[in-house]
Amino acid sequence: MEALLHQSKAMCPFLKKTSPATLRSLSTATHHSPGGGTITNLQFIARRCPVMNKALAVQSARMRTSNYTSAAPSIGVVKSMLAKKLHTSAEKKANVDTRIYRKRDDVLPGRVESAFAKSKDTPTPGPKPCAPTASKFDYEGFYNKELDKKHKDKSYRYFNNINRLAQEFPRAHMSARDERVTVWCSNDYLGMGRNAEVLKTMHHTLDMYGAGAGGTRNISGHNQHAVALEKTIADLHGKDGALVFSSCYVANDATLATLGSKLPDCVILSDSMNHASMIQGIRHSGAKKMVFKHNDLVDLEAKLASLPPEIPKIIAFESVYSMCGSVAPIEEICDLADRYGAITFLDEVHAVGMYGPHGAGVAEHLDYDVYAAAGPGASASPTKKGTVMDRIDIITGTLGKAWGCVGGYIAASASLVDTIRSLAPGFIFTTSLPPATMAGARTAIEYQAHYQGDRRLQQLHTRAVKQDLAERDIPVIPNPSHIVPILVGDAEVAKKASDMLLSDYGIYVQAINYPTVPRGEERLRITPTPGHTKEFRDELVQALEGVWQKLKIKRTSDWRAQGGFVGVGVEGKEMQVEPLWTDEQLGLRQGVDGEVLQEALEQENRPEMPAVVAKAAAAA
């Protein structure tokens, strides 16, 4: 064996790189042979080699013919096989001639070499063996089972063909153009998707710069529209920098994933009702996650206190939670962040455009008078040291809701923004927003920063709807925001109610079910806009009354009799919830009641757009 090894080492890569001690160990250890008996581990490895395997097959046949007792192949046979250089260290993959594998019975004593020689030139007679019929994974069956689960628990999502009409807001048509419906669940909260100044800007930009961006921001997708939009957003939130993404889902995911993965030993504390984009970003980060109870400052502080003070911590939460309308205690969370050395990540998706003198969101609204004194315009919302908005480290928002376009963004310090720009795959490797979209979004932001009429009117309409539904005992989940969530409490019934509103009354309100909301808390989510005047509101309330009667859905009094649920039917809960927009901010006199509100709504016809607004929109 030693002589064989010395002569073969120069030509066999395996022998050349394997130490003699290892080879001796392999030659003494035994392995069970598939055909019965035992062989050495070295022989077992040799059978995997196309050269040695062939040599061993020939030698084995000779041994049976001559009744040899030695299991070792002769040096001459191996040398002759290696001399052919069938197995070298060159960049060629080994090629095994499958025709050499034959049944042992085919090799007769005395005819071994001739049979072997023949096998190199002619195939073995008889039928070829078939590949084993292993069962394959049933992909289609898997898909159907998953869909069956969704159908069985009534959480399967159906999409309605709704085509919103720019000239008839908030009206839309179904698949047939003459089939009109009124949309009551759009996130285009202020109707900016059909704003004349926004459309004018987009048409002009489209004609001049074309439909698409042409690539990622790094490859031809960076342009004057992106630069101007990001500066406008940064100015609006009083931050040093901003970064625009294809959506705020991507902005949240990319930012949290990047920070969580790069900050050493980072822990992210997440509100239990955070949006899926934030949950996904935390998951992608690989960072440790601690979930605190919704808007529960005591639980949040307990979790912060349990962490070492020196490790980085991110508190991720939203300002307005879109499915229930609740609002976070932003200022108090900032206090906890300062106390325990954390940074704050605030999602203002459902608040930008809707709150604050300039539409910068709830953080700005909490210091309404301070920012109102700065005058109109996004650039008039500079950093005000010590305000709630200034204390927030990272603000994220969308261009696709109150501002009526599409896209998302973050606003923060220049160094943080540059870090995300440089490291986040969700930003680096995606095509930039089209120039027309960015130009239109900037116009929308500037417009709403100059003009408060839309969001004030939206708030008045929201108050009117909530008041009308309360008078009819229809259960609205109490909240201080512009969201009107109507509790149903059953997925199947919620779907039926949505279908009935559409088919019988021409009103489109989407049912909200699991996983968007917990099971048992299914609801209809209504979002009044400035365009939902009294005529539309009366139609909605009457339609809901009819649906509640036909389907025998629980009313507020029914929930109250059961002790209340998610704030509905809880004694005094409605009285405890004060709207974010105060009567004074809405221009209502003190002690507002239904009569005063109706008086304000009778003057709801939108005034002519101020000249300063038109000028700002044109400049944008």
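Above this note sits the structure.
Reference entry: report on the structure contained in this document. What you see is a predicted model, and the numbers here were worked out from it, not measured in a lab.

## Quick look at helix H11 (residues 248–262)
Phase 1 of the analysis: Taking 1.5 Å as the rise per residue, H11 with 15 residues should run 21 Å; its terminal C-alpha atoms sit 21 Å apart, in good agreement.
Phase 2 of the analysis: For H11, the buried fraction is high: 11 of the 15 residues fall into the buried class.
Phase 3 of the analysis: Those residues of H11 lying buried are Cys248, Ala251, Asn252, Asp253, Ala254, Thr255, Leu256, Ala257, Thr258, Leu259 and Gly260.

## Regarding the packing of aromatic side chains
Phase 1 of the analysis: Scanning all chains against the criterion turns up nine aromatic pairs.
Phase 2 of the analysis: Between the aromatic rings of Phe137 and Tyr139, the centroid separation amounts to 5.0 Å while the plane-to-plane angle is 70 degrees, which identifies the pairing as edge-to-face. This pair shows no difference in class: Phe137 is exposed, exactly as Tyr139 is.
Phase 3 of the analysis: Seen from their ring centres, Tyr368 and Trp581 are 5.8 Å apart, and the 70 degrees between their planes marks the pair as edge-to-face. Residue Tyr368 is found in helix H16 (residues 368–372), and its partner Trp581 is found in the loop between helix H25 (573–576) and helix H26 (583–586); the two are separated by 213 residues along the sequence. Note on accessibility: Tyr368 and Trp581 belong to one class, buried.

## Thoughts on helix H23 (residues 534–551)
Phase 1 of the analysis: Here H23 contains 18 residues, and its C-alpha end-to-end distance of 26 Å stays within 8% of the 26 Å for a straight helix at 1.5 Å per residue.
Phase 2 of the analysis: Taken together, the buried positions of H23 are occupied by Phe536, Arg537, Leu540, Val541, Ala543, Leu544, Glu545, Gly546, Val547 and Trp548.
Phase 3 of the analysis: Lys552 sits one or two positions beyond H23 and adopts a positive phi of about 55 degrees.

## Focus on the nonpolar core
Phase 1 of the analysis: Within the largest apolar cluster, 66 residues are counted, with the highest numbers of intra-cluster contacts made by Ile233, Ile315, Phe317, Ile330 and Leu399.
Phase 2 of the analysis: Here this core gathers at least three residues from each of two domains, domain 2 (195–450) and domain 3 (453–605).
Phase 3 of the analysis: The residues touching Phe317, leaving out its near neighbours within four places in the chain, are Asp271, Asn274, Met278, Ala328, Ile330, Ile333, Thr344, Phe345, Leu346, Asp347 and Ile392.
Phase 4 of the analysis: Counting residues in hydrophobic clusters, the runner-up holds 25 residues, among them Val476, Val488, Ile507 and Val509.

## Describing the sheet that holds strand S14 (residues 507–508)
Phase 1 of the analysis: If you trace the four strands from one edge of the open sheet to the other, you get S3-S4-S5-S14, paired in mixed fashion. Of all the strands in the sheet, the pair left with one neighbour each is strand S3 (163–164) and S14.

## Thoughts on the side chain of Thr205
Phase 1 of the analysis: Structurally, Thr205 is set in helix H9 (residues 196–209).
Phase 2 of the analysis: Setting aside anything within four residues of it in sequence, one finds Thr205 in contact with Gly210, His225, Pro435, Ala436 and Ala439.

## A short note on the packing of helix H22 (residues 491–505) against H23
Phase 1 of the analysis: Running from amino to carboxyl end, H22 crosses H23 at an angle of 130 degrees, the nearest separation of the two axes being 10 Å. With respect to their mutual orientation, H22 and H23 come out oblique. Here H22 and H23 pass one another in a crossing that is right-handed. Contacts between H22 and H23 pair Val493, Lys496, Ala497, Met500, Leu501, Asp504 and Tyr505 from the former with Ala543, Leu544, Gly546, Val547, Lys550 and Leu551 from the latter.
Phase 2 of the analysis: Of the residues that constitute the contact of H22 with H23, the class distribution is nine nonpolar, one polar and three charged.

## A look at the packing of H9 against helix H20 (residues 435–450)
Phase 1 of the analysis: Two numbers describe how H9 lies on H20: the axes approach to 8 Å, and their chain directions differ by 155 degrees. Classified by the angle between their axes, H9 and H20 sit roughly antiparallel to one another. Regarding H9 and H20, the two cross each other, and that crossing is right-handed. Counted together, Glu197, Val198, Thr201, Met202, Thr205, Leu206 and Tyr209 of H9 and Pro435, Ala436, Thr437, Ala439, Gly440, Thr443, Ala444 and Tyr447 of H20 form the full contact between these two elements.
Phase 2 of the analysis: Its residues assigned to classes, the contact of H9 with H20 comprises nine nonpolar, five polar and one charged.

## Comments concerning the sheet that holds strand S13 (residues 484–487)
What holds strands together in a sheet is hydrogen bonding between their backbones, with the strands either parallel or antiparallel.
Phase 1 of the analysis: With respect to topology, three strands assemble into an open sheet ordered S13-S16-S15, the strand pairing being antiparallel. The two strands at the open ends of the sheet, each matched to only one other strand, are S13 and strand S15 (511–512).
Phase 2 of the analysis: Here H22 sits on the sheet and contacts S15 and strand S16 (523–526); the angle it forms with S16, its principal contact strand, is near 45 degrees.

Parameters at a glance
Residues numbered from 1 in each chain as written. Predicted model: local features only at pLDDT ≥ 70, side-chain atom pairs only at ≥ 80, totals over all residues. Heavy atoms only, no water. Helix = DSSP H or I, 4+ residues; strand = E, 2+ residues; numbered from the N terminus. Expected span 1.5 Å × (residues − 1). Buried < 20%, exposed > 50% of the residue type's maximum accessible area, 1.4 Å probe, protein only. Phe/Tyr/Trp six-rings, centres within 6.5 Å; stacked < 30°, edge-to-face > 60°. Core = buried A, V, L, I, M, F, W, Y, C linked by side-chain atoms within 4.5 Å. Domains from an automatic or database assignment. Contact = heavy atoms within 4.5 Å. Pairing = 2+ DSSP bridges. Axes fitted to C-alpha atoms, helices over the stretch in contact; angles between N-to-C directions. Parallel < 35°, antiparallel > 145°, perpendicular 65-115°, else oblique. Left-handed = near helix turned anticlockwise from the far one by under 90°. Nonpolar A, V, L, I, M, F, W, Y, C, P; charged D, E, K, R; others polar.

Bear in mind that shape data such as this cannot, by itself, settle questions of function.
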